[in-house]
Amino acid sequence: MHRLSDFRGSPVVLAFHGAQWDPARAEHIETYNRLIASLGGVAGTRLLQIGGTGPWRDLSFTDASLSLPVLAADLAIAERYGVGNDPAVFVIDSTGVVRWSQVGPISLANPTDVARAISVVAAPFVDARDEVEAPNEEPSTGWTRRDFVATALAAAFALALRPVEAHAERAAALAPPTHTARLVTLMVNGRELSLSLEPRVTLLDALREYAGLTGSKKGCDHGQCGSCTVHIDGRRELSCLTFAVMQEGRRITTIEGLATGDQLHPMQQAFITNDGFQCGYCTSGQVMSAVAVLDEPWGPTDDDVREAMSGNICRCGAYPGIVAAVQEVRRAQATNGGGNRQ
Amino acid sequence: MIDFEYVRATDLASAVRAGAAASTRFVAGGTNLIDLMKLDVERPSHVVDINDLARRDPSLAAITELPGGGLRVGGLARMRDVAWDARVRERYPVVSQSLLLAASGQLRNMATIGGNVLQRTRCPYFRDTAMPCNKREPGSGCSAIHGINRTEAILGTSEQCIATYPGDLAVALVALGATVHVHSPSGQERTLPFASLHVAPGTHPDRETTLRPGELITAIDLPALSAARRSLYLKVRDRASYAFALASAAVAVEMDGRTIRNARVGLGGVATKPWRSQEAERLLAGKPATEATFHAAADAALAAARPHRDNAFKVTLAKRTLVRALTEVTA
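Residues numbered from 1 in each chain as written. Chains lettered and ligands numbered in written order. Predicted model: local features only at pLDDT ≥ 70, side-chain atom pairs only at ≥ 80, totals over all residues.

(A) Here's a closer look at the overall build of chain B. A count of helices and strands for chain B gives 12 helices and 12 strands. Relative to the 2.2 N^0.38 estimate, which gives 20 Å for 331 residues, the radius of gyration of chain B is 19 Å and therefore close to what a compact globule would have. The C-alpha extent of chain B, read off along each of the three principal axes, is 60 × 50 × 35 Å. Residues counted as buried form 54% of the 331 residues belonging to chain B. Considering only residue pairs separated by 6 or more positions, chain B has 65% of its internal contacts joining residues 24 or more positions apart. (Helix = DSSP H or I, 4+ residues; strand = E, 2+ residues; numbered from the N terminus. Rg over C-alpha atoms; globule rule 2.2 N^0.38 Å. Buried ≥ 20, exposed ≤ 12 C-beta atoms within 10 Å, placed from the backbone. Contact = placed C-beta atoms within 7 Å.)

(B) Geometry of the domain arrangement of chain B. Annotation of chain B at the domain level lists domain 1 (5-49), domain 2 (55-118 + 165-222) and domain 3 (227-330). Relative to domain 3 of chain B, the C-alpha centre of domain 1 of chain B lies at a distance of 36 Å. (Domains from an automatic or database assignment.)

(C) Broad picture of unusual backbone geometry. Phi is positive for Asp 221 of chain A, close to 65°, though the residue is something other than glycine. Mapped onto the elements of the fold, Asp 221 of chain A is located in the loop between helix 7 (203-210) and strand 8 (229-232). Judged by local crowding, Asp 221 of chain A falls into the partly exposed class, with 17 C-beta atoms found within 10 Å. Look at Ala 103 of chain B: it is not a glycine, yet its phi comes out positive at around 55°. Residue position: Ala 103 of chain B is located in the loop between helix 6 (93-100) and helix 7 (105-110). Of the residues examined, Ala 103 of chain B has 28 C-beta atoms within 10 Å and is grouped as buried.

(D) Just the packing of helix 6 of chain B against helix 9 (residues 169-176) of chain B, in detail. Residues and elements named next belong to chain B. One way to put it is that helix 6 packs onto helix 9 with a least axis distance of 8 Å and a crossing angle of 165°. Relative to helix 9, the element helix 6 lies roughly antiparallel. Note that helix 6 runs across helix 9; the crossing there is right-handed. Contact residues: Val 94, Val 95, Ser 98 and Leu 99 in helix 6; Leu 169, Val 171 and Ala 172 in helix 9. Residues that form the contact of helix 6 with helix 9 fall into these classes: 6 nonpolar, 1 polar and no charged. (Axes fitted to C-alpha atoms, helices over the stretch in contact; angles between N-to-C directions. Parallel < 35°, antiparallel > 145°, perpendicular 65-115°, else oblique. Left-handed = near helix turned anticlockwise from the far one by under 90°. Nonpolar A, V, L, I, M, F, W, Y, C, P; charged D, E, K, R; others polar.)

(E) Just the packing of helix 8 (residues 266-273) of chain A against helix 11 (residues 319-336) of chain A, in detail. Residue and element names in this part refer to chain A. Contact geometry of helix 8 with helix 11 gives a least axis separation of 8 Å together with a crossing angle of 135°. With respect to each other, helix 8 and helix 11 are oriented oblique. Between helix 8 and helix 11 lies a crossing of right-handed hand. Facing Pro 266, Met 267, Ala 270 and Phe 271 of helix 8, the residues of helix 11 in contact are Ala 325, Glu 328, Val 329 and Ala 332.

(F) Focus on the nonpolar core. Counting residues in each nonpolar core, the largest one holds 158 residues, and the members touching the most others are Ala 206 of chain A together with Ala 172, Leu 173, Val 251, Ala 297 and Leu 322 of chain B. Among the elements that line this core, the one with the most residues is helix 9 of chain B, at 8 residues. Once residues within four sequence positions are removed from consideration, Leu 322 of chain B is found in contact with Ala 249, Val 265, Leu 267, Ala 297, Ala 298 and Ala 301 of chain B. (Core = buried A, V, L, I, M, F, W, Y, C linked by C-beta atoms within 7 Å.)

(G) Looking closely at the sheet that holds strand 9 (residues 235-238) of chain A. All names here are of chain A. Taken in spatial order, the 5 strands line up as 7-6-10-8-9 in an open sheet, and their pairing is mixed. Of all the strands in the sheet, the pair left with one neighbour each is strand 7 (191-197) and strand 9. Across the sheet, the mean angle separating the axes of adjacent strands is 45° when strand polarity is ignored. With respect to the sheet, helix 7 is in contact with strand 6 (182-188) and strand 7, its orientation differing from that of strand 7 by roughly 100°. Against the sheet, helix 9 (residues 283-293) touches strand 8 and strand 9, its axis set at about 40° to strand 8. (Pairing = 2+ DSSP bridges.)

(H) Highlighting the interface of chain B and chain A. The interface of chain B with chain A comprises 22 residues on the first partner and 26 residues on the second. Going through the elements one at a time, strand 1 (5-8), helix 2 (33-38), strand 3 (46-49) and helix 7 of chain B are the ones with two or more residues in the side of chain B that touches chain A. If you tally residues by element for the side of chain B that touches chain A, the top one is helix 7 of chain B, at 5 residues. Looking at side-chain class alone, the side of chain B that touches chain A contains 9 nonpolar, 8 polar and 5 charged residues.

(I) Molecular detail of the sheet that holds strand 6 (residues 179-183) of chain B. Residue and element names in this part refer to chain B. Spatially, the 5 strands line up as an open sheet ordered 4-5-8-6-7, and their pairing is antiparallel. In the strand order of this sheet, the two ends are held by strand 4 (63-65) and strand 7 (189-193), each with one partner. Between one strand and the next, the sheet's axes are offset by a mean angle of 25°, whatever the strand orientation. In this structure, strand 6 lies alongside strand 7, joined through 5 bridges in antiparallel fashion.

Listed below in structure tokens is the structure:
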């Protein structure tokens, strides 16, 4: 058993969770390892273990390894950080300052997104070797690599803290009775997202505001412009005119899921090659629509493309380039005899 | 949008029971309902999702052969699937065309046949909660009659409401004489002629159909009708695609040489409900397929038209639309 003060001088993550949550679940370790891999081994950190029982955990970090001591079950700590029944994660840097916190379910989609998001908000971090060379210097001018890794791991930890489907009933039981929010599990770009949503949240808002997937755009929000187009079970649909809760069990693909790694989908490349956009706001919807159009039984002419794509409005008037892009991909498919989707 | 309770129905019996409760709406495609909920025009306290019914009973979303040559279209079939169905395209071109000329590709992938025919009859003032509207708030008055009424109806209007029924498919279905299958909360199935599904506004513009609370359209039967093979849907809009009709015509004819043996005529974009003109049909039956015949039929179809300040053009436009549709379908 340790005390929080034992970790002064090293970044610490405090993770609070409900009594039902099992911190030793193997999938959490997998989440951390994926995150660490995605960070490219910045600090050479390796996850060793998660274990023990109790209402909260702390994780502490060293450059070479990660250990997970169990703190004494001190409810005063939860009180001090204002934590109730919700899961919560706090990152405390080497000097004892809270650098990042998350209370309640969060919606960052995966460790890579988490790392990317945090790298945006983080100041350039201080090389850990500088700390070694100047141990008396106050490190609060920037984040250390260890702070950074700790924060990224904490975000992943917060992700893992979200109740999964099996815990939906318990989560619902904890929610105030007048609240209609429920746990909604969406399959987006091949990944399962569990989000706490009221039924009135549209799929578009769930993607943008809860899952951090802002590629799908909100133009008119009334099904008139097409900028929110996504694929549901392979068909193009308008994410602004369906409730997220209605899409459980269906396969959703957004613009973020179209490319294969760094290799663009042929339609994305064709929009670039053919100048199929100017400001770009409608483009993700145009591309998603165009990809699906080639799976619909339209004819091959430019007029067919214009009719098929009439649900996607382009305020910049990039229509000639859009038609050219769709036709280029259509011709390439006809030549290759290949499928539309990768 | 106000919050609501969401229920995912798994079987027909529980769906219609839940749907019969006050302030409850079914949702399938959601494209009309959710749009109106965002505007606070529709404010249901409960929404019953019926999409899963088709998982239990795939016939609810299927297109199946009827004895005698008709087709049964499940209420949960999507507009896209009916529009491109080879049997529909061959035997009911007017149905396929009315669907493909409606909405957008994305909306057709979402919207169901049952929901499409039940889309709200609406006008810009119905969508604007700052304005009086007898349909939205009975007794509050009609903003359109003396307001901007270019897109409003000229047939079937009343002193209370002149909103246009905006759909296309229903115009084809009323012309063909389709049959609607309805599942009731009592557990009973009932059928009604498509022409009996919608009602003109009269003194109750808030009431648009004859369906009772909780009743659900499970299927629509396309009749075995020889004229249906020679049919088309012509739609005139402000822009070339993805717009409501200013005027449209659904026509089907059975020909004997150059003589029209019998004809079906539906009009869209001009009426408060899916409009069938039996006056025009009577004037076409047994007549030669000439321009004079078509003009006489069009005059008869629009004889009862009552235009308002901005939409008198629709009288001429609807006549010309019908004449052109008849010219093309008999060519």
